[in-house]
Amino acid sequence: MQVRVQAEPFDTGAETGAFVARQSGAGAVVTFTGIVRDLPGGGLSRMEIEHYPGMTERAIGEIVDQAAARWALSDALVIHRFGPLRPAEPIMMVATAAPHRADAFMAADFLMDYLKSRAPFWKKEIGPDGAEWVAAKDSDENALNRW
Amino acid sequence: MQVRVQAEPFDTGAETGAFVARQSGAGAVVTFTGIVRDLPGGGLSRMEIEHYPGMTERAIGEIVDQAAARWALSDALVIHRFGPLRPAEPIMMVATAAPHRADAFMAADFLMDYLKSRAPFWKKEIGPDGAEWVAAKDSDENALNRW
Amino acid sequence: MDVLYFAWVRERIGLPRERVQTEAETVADLVAELCAREERYAAAFADPAALRVALDQELADFDAPLKGVREVAFFPPMTGG
Amino acid sequence: MDVLYFAWVRERIGLPRERVQTEAETVADLVAELCAREERYAAAFADPAALRVALDQELADFDAPLKGVREVAFFPPMTGG
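Quick caveat, the model's predicted, so the values are computed rather than measured.

## Looking at the interface of chain C and chain B
Piece 1. At the junction of the two partners, chain C supplies 21 residues and chain B supplies 26 residues.
Piece 2. Between chain C and chain B, roughly 1900 Å² of surface is buried when both sides are summed, and carbon and sulfur atoms account for 54% of that area.
Piece 3. When the buried area of chain C at its contact with chain B is split by residue, Met78, Thr79 and Gly81 of chain C rank highest and sum to 36% of it.
Piece 4. Linking chain C with chain B are 3 salt bridges, by the criterion used here.

Written out as structure tokens, the structure is:
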């Protein structure tokens, strides 16, 4: 299990390739990559992600532990960036490996729902009308009730 | 949308990187990679995948069309190998891109369930006790009822 | 019409495809005709519940009509992915 | 104790962290104390339902006791992922 919180960009392809290559015994790998989207009307100049150093790593670690306790995972990876990001850049990724596909899928889906609403990150969008904090969605909070 | 049925190995990392890079407007990319697992007691020397040329591409295309009709996908990729494969080699991969994560996750999960039981591939395992066709699992057929 | 066999159906019958002259009206009729021909067909088709059939590359049922069909394929349940 | 602020809570209060001397027994008591200090705190804490709190880096409720806590953090609902 590996958790990385970093300002530096990461290469989704290289991370996925390395993750698949280091598995032994896994029959299934699922990855999720979150990407900076432009504003609905366009013109996003950048996204700024703030986080809570110390708590971030701890919160993600606890979420990964929960996933590992609930599903037969052979490995998991979480990478999450902070600081300034440009449109179309990857924000974060999750990878899960398991003997069977259902575990890999459910664990990745669970990790995303919890990272979204329980890991201390806050997104701010800087566009043509200035800077605005992204509001949490009820649908994201409600998604936690699935688990 | 892209479907490739091929004997040649593919590089999951490179495919994932290229898929993420070619998205515009997607906020979420999900990938699934299926990997050749060893036999429970070990000793798998290779897996042979037989398929039905012509029907394979058509069946996968129809499954991808169904996924695109049900979820807000901006892109999808399916790669499936046939012929001889070694343990730990990727057998196939699926990638989905969507504005939001729920669509990307559900479409990838759906694609996997249908590819597993409705695309004309058959796996044979060659191990210490000879060659054996992999039996379809009831759980795989039942998984289709989820959709 | 062309009749194709895959996986262990192919192995039991001993060939991947053949051209069959038939007046069979349905898939089930064709299966009965083939089984009557030789023991290896009877062995391959012994348990129809373990088999799937495609007509012109689309999955079909055993009671589907063969009229107009050019290619029939028999195989075990798929195990892709 | 150390009190930390993130995102728009930090912006409204105008600083990322400060050391606070307090006898407050619960998070809610601490919030009331801060609000009484200056308008910018009252503005930041105007809608407690829009806020989250962590005690020593674990999410907590506003009625949680502060005894033994070294670090309190206030922030809006998270928007990671």
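## So, the layout of surface pockets
Taking a probe equal in size to a water molecule and rolling it over the atoms shows the remaining empty space.
Piece 1. Its boundaries defined by the atoms lining it, the second largest pocket holds a volume of some 210 Å³.
Piece 2. Ile35, Ala88 and Pro90 of chain A together with Val20 and Ala21 of chain B are, among the 18 residues lining the second largest pocket, the residues nearest its centre.
Piece 3. Listed by contribution, the elements that provide at least two residues to the lining of the second largest pocket are helix H1 (12–21) of chain A together with helix H1 (12–21) of chain B.
Piece 4. A per-element tally of the lining of the second largest pocket places H1 of chain B first, with 3 residues.

## With respect to the confidence of the model for chain C
Low pLDDT means the predicted coordinates in that region are not meant to be read closely.
Piece 1. Counting all residues, the mean pLDDT for chain C is 96, and 100% of those residues have values of 70 or more.
Piece 2. Under the prediction, the complex receives an ipTM of 0.95, its pTM being 0.96.

## Here's the deal with the pattern of salt bridges
In a structure, side chains of opposite charge can pair up when their charged atoms sit close to one another.
Piece 1. Per the counting criterion, the structure on display carries 34 salt bridges over all chains.
Piece 2. Residue Glu11 of chain D is joined to Lys124 of chain A by a salt bridge in which the shortest nitrogen-to-oxygen separation is 2.3 Å. Residue Glu11 of chain D is located in helix H1 (residues 7–13), and its partner Lys124 of chain A is located in strand S7 (residues 121–127); the two belong to separate chains.
Piece 3. Classification of Lys124 of chain A as buried rests on a relative accessible area of 16%.
Piece 4. Through salt bridges with shared partners, one network takes in Arg101 of chain A together with Asp109, Asp113, Asp140 and Arg146 of chain B.

## So, the interface of chain A and chain B
Piece 1. Listed as interface residues are 30 residues of chain A and, on the opposing side, 30 residues of chain B.
Piece 2. Interface area for chain A against chain B, summed over the two sides, is near 2500 Å², with a carbon-plus-sulfur share of 57%.
Piece 3. When the area that chain A buries against chain B is broken down by residue, the three leading residues are Arg37, Arg101 and Phe105 of chain A, summing to 28%.
Piece 4. Run the count over chain A and chain B and you get 9 residue pairs in polar contact (both at pLDDT 80 or more).
Piece 5. Residue assignment for the side of chain A that touches chain B shows that the elements contributing at least two residues are H1, strand S2 (28–35), helix H3 (101–118) and helix H4 (138–143) of chain A.
Piece 6. Residues of the side of chain A that touches chain B, tallied by class, amount to 13 nonpolar, 10 polar and 7 charged.
Piece 7. Here S2 of chain A runs beside strand S2 (residues 28–35) of chain B; their pairing, made up of 7 bridges, is antiparallel. Within S2 of chain B, the position partnered with Gly34 of chain A by the bridge is Ala28 of chain B.

## Some remarks on the side chain of Glu15 of chain A
Piece 1. Here Glu15 of chain A is to be found in helix H1.
Piece 2. Classification of Glu15 of chain A by relative accessible area gives buried; the value is 18%.

## Topic: the environment of Arg40 of chain D
Residue and element names in this part refer to chain D.
Piece 1. Tracing the backbone shows Arg40 in helix H3 (residues 39–44).
Piece 2. Among the residues examined, Arg40 registers a relative accessible area of 31% and is labelled partly exposed.
Piece 3. As a C-alpha pair, Arg40 and Pro77 span 37 residues in sequence and 20 Å in three-dimensional space.
Piece 4. With residues near it in sequence (within four places) discarded, Arg40 still touches Arg12, Ile13 and Leu15.
Piece 5. In this structure the side chain of Arg40 is engaged in a polar contact, spanning 2.5 Å, whose partner is the backbone oxygen of Ile13.
Piece 6. Within the local environment of Arg40, its side chain forms a polar contact with the side chain of Glu38, the two groups lying 2.7 Å apart.

## Quick notes on the packing of H3 of chain A against helix H3 (residues 101–118) of chain B
Piece 1. Contact geometry of H3 of chain A with H3 of chain B gives a least axis separation of 11 Å together with a crossing angle of 180°. Judged by the inter-axis angle, H3 of chain A sits roughly antiparallel to H3 of chain B. Counting all contacts with H3 of chain A, which are made through Arg101, Phe105, Ala108, Asp109, Met112, Asp113 and Lys116 of chain A, the residues of H3 of chain B involved are Arg101, Phe105, Ala108, Asp109, Met112, Asp113 and Lys116 of chain B.
Piece 2. Split by residue class, the contact of H3 of chain A with H3 of chain B holds 6 nonpolar, no polar and 8 charged.

## Regarding helix H2 (residues 27–37) of chain D
All names here are of chain D.
Piece 1. Among all positions in H2, only Val27, Leu30, Val31 and Leu34 are buried. The arc that holds the buried residues of H2, viewed along the axis, is 100°, so those residues lie on one side.
Piece 2. Buried residues belonging to H2 abut strand S1 (2–5), H3, strand S3 (52–55) and strand S5 (71–75).

## Observations concerning the relation of the copies chain A and chain B
Piece 1. The two copies are related by a screw operation: chain A maps onto chain B through 180° of rotation and 0.0 Å of translation along the axis, at an RMSD of 0.0 Å. The transformation relating the two chain copies, once decomposed into turn and shift, fits a two-fold axis. Within chain A, the C-alpha atom positioned nearest to the axis of rotation is that of Gly13 of chain A, 2.1 Å from it.

## Brief notes about unusual backbone geometry
Piece 1. For Ala7 of chain C, which is not glycine, the phi dihedral falls at a positive 55°.
Piece 2. Take Ala7 of chain C: it is sitting in helix H1 (residues 7–13).
Piece 3. Of note, the phi angle at Asp56 of chain D is positive, near 45°, even though the residue is not glycine.
Piece 4. Of the residues examined, Asp56 of chain D reaches a relative accessible area of 22% and is grouped as partly exposed.

The rules behind these values
- Residues numbered from 1 in each chain as written.
- Chains lettered and ligands numbered in written order.
- Predicted model: local features only at pLDDT ≥ 70, side-chain atom pairs only at ≥ 80, totals over all residues.
- Heavy atoms only, no water.
- Contact = heavy atoms within 4.5 Å.
- Buried area = accessible area lost by both parts, 1.4 Å probe.
- Salt bridge = Lys/Arg side-chain N within 4 Å of Asp/Glu carboxyl O.
- 1 Å grid on protein atoms, 1.4 Å probe; cavity = no way out; pocket = protein on both sides within 12 Å on 5 of 7 lines; lining within 4 Å.
- Points joined across faces, edges and corners; volume = space filled by probe spheres on them.
- Helix = DSSP H or I, 4+ residues; strand = E, 2+ residues; numbered from the N terminus.
- pLDDT = per-residue confidence, 0-100.
- Buried < 20%, exposed > 50% of the residue type's maximum accessible area, 1.4 Å probe, protein only.
- Polar contact = N/O pair within 3.5 Å; in protein donor to acceptor, adjacent residues only side chain to side chain.
- Nonpolar A, V, L, I, M, F, W, Y, C, P; charged D, E, K, R; others polar.
- Pairing = 2+ DSSP bridges.
- Axes fitted to C-alpha atoms, helices over the stretch in contact; angles between N-to-C directions.
- Parallel < 35°, antiparallel > 145°, perpendicular 65-115°, else oblique.
- Arc of directions from axis to C-beta.
- Least-squares fit on C-alpha atoms with pLDDT ≥ 70 in both.

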